[in-house]
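Now for the letters of each chain:
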Amino acid sequence: MKILLDAAQISNSLEYLAQCIAGAAGTGSDIGIIGIRSRGEILAQRVTKILAQKISKDVPCGTLDITLYRDDLNSPAGQEIPQVRSTEITFDISDKIIFLIDDVLYTGRSVRAALDALMDLGRPRAIRLAVLVERSGREYPIQADYVACSAKVDEGQFVQVKVVEVDGIDEVVVE
Amino acid sequence: MSKTETFKWNRKHLLGLMELSRQEIEYILDTAEGFREISTRSIKKAPPLRGKVVVNLFFEDSTRTRNSFTLAAERLSADVMQFSTKFSSVSKGETLLDTAKNLEAMGIDIVVIRHSAGGTAKLLSRTLNCAVVNAGDGYGEHPTQGLLDAFTIRQIKGSLEGLEVAIVGDIAHSRVARSNIWALTKLGANVTLVGPPTLMPPAVKQLPVKVSYSLDDVIDKVDVVNMLRIQFERLGSNPFPSIREYSHYFGLTLDRMKKAKPDIIVMHPGPINRGVEMESEVADGKNSVILKQVENGLAVRMAVLYLVNQASQELRNK
């Protein structure tokens, strides 16, 4: 097990992502932050808090549950399917620039599912993808717009993001 | 509300709640919580049952349950086939199993069955390869009703632990009562059955409940009162002298409501015989959650269809 990011580095990374979003959003545009459950949810909430301070205005933040949109629900290749939980997006995503936040970009399948799930909720003006960690192993043609940490990880290794709220510690490890 | 995250659902059929553990019931309710949001969208659809076929095999009349299952399946993108005895070969003498096997030969994935004979769902689950969901079997069970009632109470009270619940009326003929008893007691509520002795099931002593023959004795003590419908179509002999006398002793009237706790939850599985089980003012009053029950029924049935499909998919893949 190797530590990829410690608590301070995670904090800096989220600061960086918030800075990117602030820059991209400009002053006038209508934006929303959406985290992919489960770790993306926590990261999105933290980024939103930092962003709100930076631009001195509240930004709507929601959580997307992509379980029903997974491409392995009815497939023999499927992994363990997590419990379905609620999508909690209380604002209208239509005509907004949506910043989608996830912990790790790996195969691209989660993001594909998230894009489909968002389509069922409305028609955003644009969707941008921001991730804490990006690694090789893409299976779908999906790339992130903002990456805080690009990790060199061997095939078969697993990047795990832990957050204080759920895991009791802020760190990213490679196993 | 997600204590059940590490639990794994593996039942391909939902036949009744008696055989389910507390954890399994909580897992369904927690999952249903996640499905509620879909019905609030402008596009009320999600894809998990895309390409799957659900058959509503109804040998008894139904509006709520059948429509609720249909809508639930459609919101999950399944194709739904409707079957009712009136317009089928059952009227030409085809047996239940032949009908079901023929439907299965067309490639269906989930059968939702309602039948006047107890045990029908179980019989189908042993015979067919597809998933089977019981939508009411005789005097047996009506599991999705028990689940949606538990879901509704939990939504309002936060938990069922230690709650006092009265189920009032025609217990003997009620599959709703049976499924309620299992769901509510497993989740920690204390259930009292209330009704005339003639409408109590013979084996009531073997159930984990108390029995009272007077609604007036219990109305001031309970947190929830679930009023059952008098099933005129199933009453063979005369279990009570007259409808008026029944509602005099066991009807939920405004007068009785005055004695109840101010936040008592009033439930009814529908269809209501207004003026018999309860006065209209009570059915439409501020304590009534009858329409909330219907709304929650949709989310609960979506969860059930989703879970049995997941489980049967995994069994097939093994």
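Residues numbered from 1 in each chain as written. Chains lettered and ligands numbered in written order. Predicted model: local features only at pLDDT ≥ 70, side-chain atom pairs only at ≥ 80, totals over all residues. Heavy atoms only, no water.

Participant: Residues and numbers for the packing of aromatic side chains, please.
Facilitator: Applying the stated criterion across every chain, the model contains 6 aromatic pairs over all chains. Here the aromatic rings of B:Phe59 and B:Phe83 are separated by 5.6 Å at their centres, their planes lie at 50°, and the arrangement is tilted. Taken together, the positions of B:Phe59 in the loop between strand S1 (53-58) and helix H2 (64-75) and B:Phe83 in strand S2 (residues 79-84) put the pair 24 residues apart, joining distant regions of the chain. Per residue, the accessibility class of B:Phe59 equals that of B:Phe83, and both read buried. Ring centres of B:Tyr246 and B:Phe250 lie 5.6 Å apart, and the angle between their planes is 35°; this geometry places the pair in the tilted category. A residue pair is termed a helical-turn pair when its members lie 3 or 4 positions apart in one helix, as B:Tyr246 and B:Phe250 do in helix H8 (residues 243-250) at 4 residues. The same class applies to B:Tyr246 and to B:Phe250, which are both buried. Seen from the ring of A:Tyr106, A:Arg135 lies directly overhead, with NZ or CZ sitting 3.8 Å from the centre. One cation-aromatic arrangement involves B:Arg301 over B:Phe69; the distance from NZ or CZ to the ring centre is 5.1 Å. (Phe/Tyr/Trp six-rings, centres within 6.5 Å; stacked < 30°, edge-to-face > 60°. Helix = DSSP H or I, 4+ residues; strand = E, 2+ residues; numbered from the N terminus. Buried < 20%, exposed > 50% of the residue type's maximum accessible area, 1.4 Å probe, protein only. Lys NZ or Arg CZ within 6 Å of the ring centre and 35° of its normal.)

Participant: How would you sum up the sheet that holds strand S7 (residues 159-162) of chain A? Please name residues and give values.
Facilitator: All names here are of chain A. Ordered in space as S1-S8-S7, the 3 strands form an open sheet in which the pairing is antiparallel. Unpaired on one side and paired on the other, strand S1 (2-5) and S7 mark the two borders of the sheet. Taken pair by pair, the neighbouring strands of this sheet meet at an average axis angle of 30°, ignoring direction. Two elements, S1 and strand S8 (residues 171-174), share 3 bridges in a ladder whose sense is antiparallel. Considered in S8, the bridge of Ile 3 is made with Val 173. Lying on the sheet, helix H1 (residues 7-25) is in contact with S1, S7 and S8; it crosses S1 at an angle near 30°. (Pairing = 2+ DSSP bridges. Axes fitted to C-alpha atoms, helices over the stretch in contact; angles between N-to-C directions. Contact = heavy atoms within 4.5 Å.)

Participant: Could you give an account of the pairing of strand S3 (residues 110-115) of chain B, with specific residues and numbers?
Facilitator: All names here are of chain B. Buried residues dominate S3, accounting for 6 of its 6 residues. Alternating residues of S3 divide into Ile 110, Val 112 and Arg 114 and Val 111, Ile 113 and His 115, and every residue in both groups is buried. Sheet topology note: the S1/S3 ladder contains 5 bridges and is parallel. Each bridged residue has a counterpart across the sheet, and for Val 55 the counterpart in S3 is Val 111. Direction of pairing for S3 relative to strand S4 (residues 131-137): parallel, over a ladder of 5 bridges. By the bridge assignment for S4, Ile 110 is matched with Ala 131. What joins S3 to S4 is helix H4 (residues 120-127), and the crossover it makes is right-handed. (Right-handed = clockwise from strand over helix to strand, strands pointing away.)

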